[in-house]
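Listed here are the chains, written in short residue letters.
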Amino acid sequence: MISPDAPEAPHHTGAPRLVATDVDGTLLDDDHAISERTVSAISRAVAAGAGFVLVTGRPPRWIPPIVARLPAGLVRLCVCANGAVLYDAVDDAVLAAHTLDPDAVRTVAAIAAELFPGCGLGVERVGNSETGGADEFLADPAYVHAWGESDAGPATRDELLAHPVTKLLVRAPELSSDQMRERLGPRVEGLADLTFSHPGGLIEAAAPGVTKASGLAEVAARAGVDASDVVAFGDMPNDREMLRWAGRGVAMGNAHPELLALADEVTAPNTRHGLAEVLERWF
């Protein structure tokens, strides 16, 4: 796995051999669309021989609608669940999964309940024989979905904590996600990797060392591409390790201040073709 403290890759100088992008707030605009200019830039990059990979906090089941908005054959490998799952969007198959074990899930959940009384819990589980091959999201009754809609199945807290998970979600909408991470992080250090992709009181916990950087590194290794030949785009703290790991880490103009401070470059916002603006230099 790639540690959050891993050294940064040498700065990328030539045309990238692999283009990696977050989805929400980066590839998608605020209407959840991908602009024609962005599609054209990505298509030219792929035609020139560059690889293209989606790197997202989304689970695999939320990937097909994104792939459907892109030309056929443009994307195959997708890093999902903040690095916990490697998904083949063409074959609709999970190629690899890294899970947080039940003991760690229970411990993190207990600490979260102590720090954030009344918080809701949810879990993402990768597809297996128990789930009928499909990944699933389960949540307790206290969980308030951050995006307004939910495909969560109901579960008791004991049921949530009984199995390995690709992601444990802790929801306390009365707080900011920054506040939650600041308080929970020191208590679970070494037990889980914490991040967030929504600012309004939602923390996402994965197995130690599992980040978008570790997932992207797995894709790059399969393609025989060095980190220095990767350009990565993102907008939220769950993109932090990926932008640090890639040869060129690009923050969107709408990015969280944490990313704006660490990125090699800040491009235009997701509503103004920021991803295309960078790729058009090379393709």
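Please refer to the structure placed before this passage.
What this report covers is the structure whose coordinates are included nearby. Owing to the predicted nature of the structure, the values given are computational and were not obtained by experimental measurement. (Residues numbered from 1 in each chain as written. Predicted model: local features only at pLDDT ≥ 70, side-chain atom pairs only at ≥ 80, totals over all residues. Heavy atoms only, no water.)

1. Concerning the overall build of the chain
Test applied: Only runs of H or I of at least four residues qualify as helices and only runs of E of at least two qualify as strands under DSSP, and these elements are numbered from the N terminus. Each residue gets one of three labels from its accessible area relative to the maximum for its type: buried under 20%, exposed over 50%, partly exposed in between, using a 1.4 Å probe on protein chains only. Note on contacts: a residue pair is in contact if any heavy atoms of the two residues lie within 4.5 Å. The Shrake-Rupley method, run with a 1.4 Å probe, gives the accessible areas here. Residue values count only the displayed protein chains as cover. In this charge count, Lys and Arg are treated as positive and Asp and Glu as negative; neither His nor the chain ends contribute. Each charge is placed at NZ for Lys, CZ for Arg, CG for Asp and CD for Glu.
Broken down by element type, the chain carries ten helices and 14 strands. The dimensions of the chain, computed from C-alpha atoms along their principal axes, are 50 × 40 × 35 Å. Burial status across the chain gives 55% buried among its 283 residues. Contacts spanning at least 24 positions in sequence make up 61% of the contacts within the chain whose residues lie at least 6 apart. Surface accessibility of the chain: about 11400 Å² in total, with carbon and sulfur atoms responsible for 51%. Each charge class in the chain can be summarised by its mean position, and for the 22 positive and 40 negative side chains these summaries are 3 Å apart.

2. A word on the sheet that holds strand 6 (residues 120-125)
This is how the line gets drawn: Any two strands between which DSSP finds at least two bridges are classified as paired.
The mixed open sheet is built from six strands, whose spatial order is 8-7-6-9-11-10. Each having just a single partner strand, strand 8 (153-154) and strand 10 (193-195) make up the two edges of the open sheet. As defined by bridge partners, strand 6 adjoins strand 9 (residues 167-171) across five bridges and the pair is classed as antiparallel. Pairing of Gly-122 across the sheet is with Leu-169, part of strand 9.

3. Remarks on the sheet that holds strand 2 (residues 51-55)
Read across the sheet, eight strands follow the order 5-4-3-2-1-12-13-14 without closing on themselves; strand pairing throughout is mixed. Each end of this open sheet is capped by a strand with a single partner; those strands are strand 5 (93-97) and strand 14 (265-266). In this sheet, strand 4 (residues 85-88) lies alongside strand 3 (residues 77-80) in antiparallel orientation, the contact comprising four bridges. Across the sheet, the residue bridging to Leu-77 is Asp-88, located in strand 4.

4. Examining the packing of aromatic side chains
To be explicit about the condition: Whether two aromatic rings pair depends on their centres lying within 6.5 Å, for rings of Phe, Tyr and Trp, where Trp uses its six-membered ring; planes under 30 degrees apart make the pair stacked, over 60 edge-to-face, and the rest tilted.
The full count for this structure, using the stated rule, is one aromatic pair. Between the aromatic rings of Phe-137 and Tyr-143, the centroid separation amounts to 5.5 Å while the plane-to-plane angle is 75°, which identifies the pairing as edge-to-face. With relative accessibility at 4%, the residue Phe-137 sits in the buried group.

5. Thoughts on the pattern of salt bridges
Opposite charge on two side chains makes pairing possible when the charged atoms of those side chains draw close. Just so we agree on the cut-off: Basic side-chain nitrogens of Lys or Arg form a salt bridge, by our definition, when they fall within 4 Å of a carboxyl oxygen of Asp or Glu.
Counting across every chain of the model gives 19 salt bridges. When the shortest N-O distance is used, the salt bridge between Glu-265 and Arg-281 registers 2.1 Å. On the criterion of sequence distance, the pair formed by Glu-265 in strand 14 and Arg-281 in the segment after helix 10 (274-279) is long-range, its members being 16 residues apart. The exposure class of Glu-265 is buried, given its relative accessible area of 11%. Salt bridges sharing common partners tie together Asp-178, Arg-181, Arg-240, Glu-241 and Glu-258.

6. Examining the pairing of strand 6
Most of strand 6 sits out of view: six of its six residues are buried. By the alternation rule, side chains of strand 6 split into Gly-120, Gly-122 and Glu-124 and Leu-121, Val-123 and Arg-125, which are all buried. As paired elements, strand 6 and strand 7 (residues 136-139) share four bridges and run antiparallel to each other. Opposite Val-123, over in strand 7, you have Leu-138 as the bridge partner.

7. Brief notes about helix 2 (residues 36-47)
For the α-helix, the turn length of 3.6 residues means that residues three or four positions removed from each other point alike. This is how it is decided: Take the number of residues in a helix, subtract one, and multiply by 1.5 Å to get its expected span. Comment: arc refers to directions from the helix axis out to C-beta atoms.
The end-to-end C-alpha separation of helix 2 is 16 Å, in line with the 16 Å expected for twelve residues at 1.5 Å each. For helix 2, every residue scored as buried is listed here: Thr-38, Val-39, Ala-41, Ile-42 and Ala-45. Looking straight down helix 2, one finds its buried side chains confined to an arc of 165°; they lie on one side. Exposed and facing more than 90 degrees away from the buried side of helix 2 are Glu-36 and Ala-47. Residues of helix 2 that are buried sit in contact with helix 1 (23-27), strand 2 and helix 10.

8. Observations concerning the environment of Arg-183
Within the fold, Arg-183 resides in helix 6 (residues 177-188). Accessibility expressed as a relative area gives 41% for Arg-183, which makes it partly exposed. Expressed as a C-alpha distance, the spacing of Arg-183 and Phe-116, which sit 67 residues apart in the sequence, is 9.5 Å. Each residue touching Arg-183, except ones within four places of it in the same chain, is listed here: Leu-115, Phe-116 and Leu-175.

9. What about unusual backbone geometry?
At Ala-81, a position not held by glycine, the phi torsion is positive, near 55°. Position of Ala-81 relative to the elements: it lies in the loop between strand 3 and strand 4.

10. Brief notes about the nonpolar core
Quick reminder of the rule: Definition used in this section: a nonpolar core is a set of buried Ala, Val, Leu, Ile, Met, Phe, Trp, Tyr and Cys residues joined via side-chain atoms within 4.5 Å.
Of all hydrophobic cores here, the largest spans 66 residues; its most connected members are Leu-54, Phe-116, Leu-168, Val-170, Leu-184, Phe-233 and Leu-279. Setting aside its immediate chain neighbours within four residues, Leu-279 contacts Val-19, Ala-41, Ile-42, Val-231 and Phe-233. Counting 25 residues, the second largest nonpolar core, distinct from the first, contains Leu-86, Val-225, Ala-251 and Ala-263.

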